[in-house]
Structure formats: structure tokens, C-alpha cells
Amino acid sequence: MTDRLDSFFQHEAEIAWEPTEPGVKRKIMAYGSDLMVVRVIFEAGAVGKPHQHPHRQASYVESGVFDVTIDGRTERLVAGDTFFVPADLVHGVTAVEAGQLIDSFTPMRKEFL
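As the structure is a computational prediction, the values presented were derived from the model and not from experiment.

Q: How should I be thinking about the environment of Phe66 in this particular structure?
A: With respect to the secondary-structure elements, Phe66 resides in strand S5 (residues 56-70). Here Phe66 falls in the buried class, since its relative accessible area comes to 0%. A C-alpha to C-alpha distance of 6.5 Å links Phe66 and Val78, two positions 12 residues apart in sequence. Non-local contacts of Phe66, meaning those with residues more than four positions away in its chain, are made with Phe42, Val61, Glu75, Arg76, Leu77, Val93, Thr94, Ala95, Val96, Gly99, Gln100 and Leu101.

Take a look at the structure:
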């Protein structure tokens, strides 16, 4: 996948889904060393388990309903809402309804490659 590093254009239909957790899969879209965009689809009830990483994360709820927990605080977000996770804070999500998140990370998540 590193052949797409700093590539100008990505075509969603040409990128394979990767399973991550039960009921969750992702597509790594555009990325360079300092930024990465990832599509993540959740089935209803699927959980993005609590975790932390040194990357800053901004996420857009494209569809569905999610309970998002950041640093012990939980809010319900719906399509059109966003959330921001500073570096090293524990965070996770639960899909109340099936949906999709668009995650952006800085710097890129090398471990995803």
C-alpha cells in the first residue's frame, strides 16, 4: 500500500476493505507522512474498542448514530457531527445504528499500512 504514499488521487472502488474488529472494516484513502484519511464502516452494535495513540484525530460522522467516548466523556453523534481526539487520550465508539466515519489522523498511522 505504500505505493499510494503522497499519491494525488485515490479511487474508492480500487481500494479493498480491511476488517478491523467484529462488524468493523476500513479503507485507507489518501495519505502522506503528516496526514491520513480513513473510511470506517460499522454494523449496528459494532464497537471500536477504547484505545489511545499519539496521533491527533478528527472524525466526521458521514452516516449512522454513534456513542463516542473520549477521555471518559460520552456523547451521541449523528450524521454531520464531528469529534476531535487530542494525542494520547483514550477513546472509542459504539455504533448505535449502522454507519460510517471518515477519520483523519496527523501524523499518518504507519501501523495501518
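Q: Please clarify how the nonpolar core should be interpreted in this entry.
A: One finds Met36, Phe42, Phe66 and Phe83 to be the most contacted residues of the largest nonpolar core, which totals 21 residues. Every element with two or more residues in this core is listed here: strand S2 (24-32), strand S3 (35-42), S5, strand S7 (82-85) and strand S8 (91-106). If we ignore the near neighbours within four places in the chain, the residues touching Phe42 are Gly23, Val24, Val47, Gly48, Phe66, Val93, Ala95, Ala98, Gly99 and Leu101.

Q: I tried to follow the layout of surface pockets on my own but got confused; where do I start?
A: Using a probe with the size of a water molecule, rolled over the atoms, empty space left in the structure can be pinpointed. Considered as a void within the structure, the largest pocket measures approximately 370 Å³ in volume. Taken together, 19 residues form the lining of the largest pocket, with Glu21, Gly48, His51, Asp103 and Phe112 sitting closest to its centre. Mapped onto the lining of the largest pocket, the elements with two or more residues apiece are strand S1 (18-21), S2, S3, strand S4 (47-51) and S8. Ranked by the residues each element gives to the lining of the largest pocket, the list is headed by S8, at six residues.

Q: Can you walk me through the pairing of S2 in this structure?
A: Walk down a regular strand and you will see the side chains alternate between the two sheet faces. Counting buried residues in S2 gives seven out of nine residues, a clear majority hidden from the surface. Note: S1 against S2, three bridges, orientation antiparallel. Bridged to Pro19 within S2 is Lys25. Here S1 folds back onto S2 in antiparallel fashion, the turn holding two residues, of which Gly23 has a positive phi close to 80 degrees.

Rules used in this analysis
- Residues numbered from 1 in each chain as written.
- Predicted model: local features only at pLDDT ≥ 70, side-chain atom pairs only at ≥ 80, totals over all residues.
- Heavy atoms only, no water.
- Helix = DSSP H or I, 4+ residues; strand = E, 2+ residues; numbered from the N terminus.
- Buried < 20%, exposed > 50% of the residue type's maximum accessible area, 1.4 Å probe, protein only.
- Contact = heavy atoms within 4.5 Å.
- Core = buried A, V, L, I, M, F, W, Y, C linked by side-chain atoms within 4.5 Å.
- 1 Å grid on protein atoms, 1.4 Å probe; cavity = no way out; pocket = protein on both sides within 12 Å on 5 of 7 lines; lining within 4 Å.
- Points joined across faces, edges and corners; volume = space filled by probe spheres on them.
- Pairing = 2+ DSSP bridges.

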